[in-house]
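Close look at the chain arrangement
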Amino acid sequence: MHELSIADNVIRIVQEQLKQHPSTRVKAVYLQVGVMSNVLADSLVFGFETLIQDTDLRGAQLIIREIPVTVRCRTCSCESQIEQFQFHCRQCAGEDLEVISGDELFIESIEIENKAEYEHIDH
Ligand SMILES: [Zn+2]
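Residues numbered from 1 in each chain as written. Predicted model: local features only at pLDDT ≥ 70, side-chain atom pairs only at ≥ 80, totals over all residues. Heavy atoms only, no water.

Brief notes about the pattern of salt bridges
Evaluated as defined, the whole model comprises 8 salt bridges. The closest approach of N and O atoms between D8 and R12, which form a salt bridge, is 2.8 Å. In this pair, D8 and R12 both sit in helix α1 (residues 2-18), 4 residues apart, roughly one turn of the helix. On the basis of relative accessible area, D8 is assigned to the partly exposed category, the value being 27%. Taking the shortest distance from any N to any O, the salt bridge between K27 and E111 comes out at 3.7 Å. Highlighted residues: K27 in strand β1 (residues 24-34) and E111 in strand β6 (residues 105-114), separated in sequence by 84 residues. For E111, a relative accessible area of 29% gives the class partly exposed. Where salt bridges share partners, they join R72, E79 and E98 into one cluster. (Salt bridge = Lys/Arg side-chain N within 4 Å of Asp/Glu carboxyl O. Helix = DSSP H or I, 4+ residues; strand = E, 2+ residues; numbered from the N terminus. Buried < 20%, exposed > 50% of the residue type's maximum accessible area, 1.4 Å probe, protein only.)

In structure tokens, the structure reads:
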């Protein structure tokens, strides 16, 4: 499953970041996913939640923000956001397009909180 290996990658990156903040826990991970990246958000969240059960990330939330596809027309230089499968320039209807964004996938931010505070609230 494609999403499971992505979730695994995200967890590794977050754990690496967490090493620099030893007394914190991860509250949420914000992930930007382009609509053209062929990632199923639900599957990715499910994979993430399954994989973190036995790790120090347990309880963290994965929040996915979808990035629309943005293209630049090579004919008139107009930039437009397009619906999937409708690849033509909004301004001149040209089809010679360069994809500027929409196929990426990256961690936007990691929300952490102080472990001691969290434990205090929790008990
Ligand atoms: Zn155009």
